[in-house]
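Inside the fold
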Amino acid sequence: MTNNNLSTREKVEKSMKRRRAGEMRFRAYGMASVLFGLLCLVVLFSDIIYKGASAFSQTVLNTDIVIDASYLGLNEKSTEKEIMNANFEGLIKQHFKETIQPDGRKERSQLYGLLSVGAGWQLQALVLADSSVIGKKINIDLIVDDDVDQWFKHDRGEQEGSSRLSDLQISWLENWIAEDRLFTRFNKQFFVNGDSREPELAGIRGAITGTLLTLVVTFLLSFPIGVAAAIYLEEFAPRNRLTEIVEININNLAAVPSITFGLLGLAIFINMVGVARSTPIVGGLVLTLMTLPTIIISGRAAIKAVPPSIREAAFGLGASKMQVVFHHVLPLALPGMLTGTIIGMAQALGETAPLLMIGMVAFVVDVPAFINDPSTVLPVQIFLWSDSPERGFMERTSGAIMVLIAFLITMNTTAVMLRRRLERRW
């Protein structure tokens, strides 16, 4: 008897050891999975930051230049139109021709190629802001070409042939560095300019403005429609086969590939209704279709989370069905609905495929002012830059990704804080 009991105890102990070992292995696998995911995230973010951090700095050349009134044909009383038509680019070329004194057309071409085509516009903007500088010598930091920018930030000091600059151009640049005239500064052009064919002039202001206008349209349409649909399906809709079909389709739409909504928007909003392509209004309509299932599902979950006792107490005091829903249930469910809406908007912020289908892949230089102006959005702008061969666009692609990730983190953090601050525990 005792031997049998000891034998049973030994079997139990061995079984417990195996179970504990199995539990420890499972926990180790789980920790390894989490660590592997964090490692991948760190590698991804490190690569993006490494490639994109330089997009926030811009190489400039400091120089003193005379705003030659006779060459430009201007004076302090010149009109804005006359200043806009003046040849500031030629003035800059004349200045460097006299200063450097290149030998022949080929050297002049190499010299002029060191400066950005936007240097003339930069000088023009300065004169437009203050016409009293006409005829005077001014000190200005001129934007250099993207090849010079890449050489100064990445290739300087490396072996020959690593850049697209000639030996003569590099000798000029080295002289400017020795004179402390060539340096980098914060690249505000990246945030205040629209898109451009020149990497050193390209910015994300137009894309950010288009993104914000598109999200405003999406929110103004998806939030009230989604909340109304959630309230009706959860509180007023009869429980029959038709309602079940609608609920199943809403759940299925939440998993439909996003490009499908782009095809739907192309067929209905553009081809049938005639809404203009590549505008925030059509982008907002398409993203509304995509985010509605998420908002409806989260809204219904928030309504279900309200305790039945709230409804029963309101009915007991003589409230009608509408009063119970809109005076008691909806205010308590609204924080959860807002959280789901913010998450849906964050999802819409990062979408590219549906917007490509409705033409928001167009090259748009001007910053949109309203929802019916041609525009693009930040994810599509990243897609466009990533397909460009210039090195300057590669770092701007990573820089724009950093800005997009910052927006996404901000929106998701806002959703988490809003839920924790406003949620009620029953």
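Residues numbered from 1 in each chain as written. Predicted model: local features only at pLDDT ≥ 70, side-chain atom pairs only at ≥ 80, totals over all residues. Heavy atoms only, no water.

Side note on unusual backbone geometry
For Asp 180, which is not a glycine, the phi torsion comes out positive at approximately 60 degrees. Here Asp 180 is to be found in the loop between α8 (167-178) and β3 (182-186). (Helix = DSSP H or I, 4+ residues; strand = E, 2+ residues; numbered from the N terminus.)

Notes on the layout of surface pockets
Think of a ball as big as a water molecule: rolled over the atoms, this probe shows where empty space is left. Space inside the largest pocket adds up to approximately 340 Å³. In terms of lining residues, the largest pocket is bounded by 17 residues, among which Gly 118, Trp 121, Gln 189, Asn 193 and Leu 201 are the most central. Of all elements in the fold, only α6 (118-129) and α9 (189-192) reach the threshold of two or more residues within the lining of the largest pocket. With six residues, the top contributor of residues to the lining of the largest pocket is α6. Residue composition of the lining of the largest pocket, by class: eight nonpolar, seven polar and two charged. (1 Å grid on protein atoms, 1.4 Å probe; cavity = no way out; pocket = protein on both sides within 12 Å on 5 of 7 lines; lining within 4 Å. Points joined across faces, edges and corners; volume = space filled by probe spheres on them. Nonpolar A, V, L, I, M, F, W, Y, C, P; charged D, E, K, R; others polar.)

Observations concerning the environment of Asn 372
Summarising the element assignment, Asn 372 is placed in the loop between α16 (353-357) and α17 (378-386). Sequence spacing of Asn 372 and Asp 130 is 242 residues, and the spatial spacing of their C-alpha atoms is 34 Å.

A look at the packing of helix α7 (residues 146-155) against helix α18 (residues 391-422)
Two quantities define a packed helix pair, namely the angle between the axes and the distance from one axis to the other. Interhelical geometry of α7 versus α18 gives an angle of 65 degrees and a closest axis separation of 9 Å. Here α18 runs roughly perpendicular to α7, going by the angle between their axes. Where α7 abuts α18, its residues Asp 149, Gln 150, Lys 153, His 154 and Asp 155 lie against Arg 391, Gly 392 and Glu 395. Looking at the contact of α7 with α18, its residues break down into no nonpolar, three polar and five charged. (Axes fitted to C-alpha atoms, helices over the stretch in contact; angles between N-to-C directions. Parallel < 35°, antiparallel > 145°, perpendicular 65-115°, else oblique. Contact = heavy atoms within 4.5 Å.)

Re the side chain of Lys 153
Mapped onto the elements of the fold, Lys 153 is located in helix α7. At 3.0 Å, the side chain of Lys 153 and the side chain of Asp 149 are in polar contact. In this view, Lys 153 contacts Ser 54, Ser 57, Thr 59, Thr 184 and Glu 395; residues no more than four positions away in its chain are not counted. (Polar contact = N/O pair within 3.5 Å; in protein donor to acceptor, adjacent residues only side chain to side chain.)

Observations concerning helix α11 (residues 241-253)
Between its first and last C-alpha atoms α11 spans 18 Å; for 13 residues at 1.5 Å apiece the expected length is 18 Å, and the two agree. Listed as buried for α11 are Thr 243, Glu 247 and Ile 250. The buried residues of α11 occupy one face: seen down the axis, they fall within an arc of 60 degrees. Counted as exposed and oriented over 90 degrees from the buried face of α11: Arg 241 and Leu 242. At the N-terminal boundary of α11, the capping side chain belongs to Asn 240, with an oxygen 3.3 Å from the backbone nitrogen of Leu 242. (Expected span 1.5 Å × (residues − 1). Buried < 20%, exposed > 50% of the residue type's maximum accessible area, 1.4 Å probe, protein only. Arc of directions from axis to C-beta.)

Here we look at a nonpolar patch on the surface
On the surface, Val 34, Leu 35, Leu 38, Leu 41, Leu 44, Phe 45, Ile 49 and Ile 409 cluster together into a nonpolar patch covering about 710 Å² of accessible area. Counting through the fold element by element, Leu 41 comes out in helix α1 (residues 2-52). Residue class for Leu 41 comes out partly exposed when judged on its relative accessible area of 41%. (Patch = residues over 30% accessible without salt bridge, like charges linked within 9 Å, V, L, I, M, F, W, Y side chains within 5 Å. Areas by Shrake-Rupley, 256 points an atom, 1.4 Å probe, with all protein chains shown as cover. Salt bridge = Lys/Arg side-chain N within 4 Å of Asp/Glu carboxyl O.)

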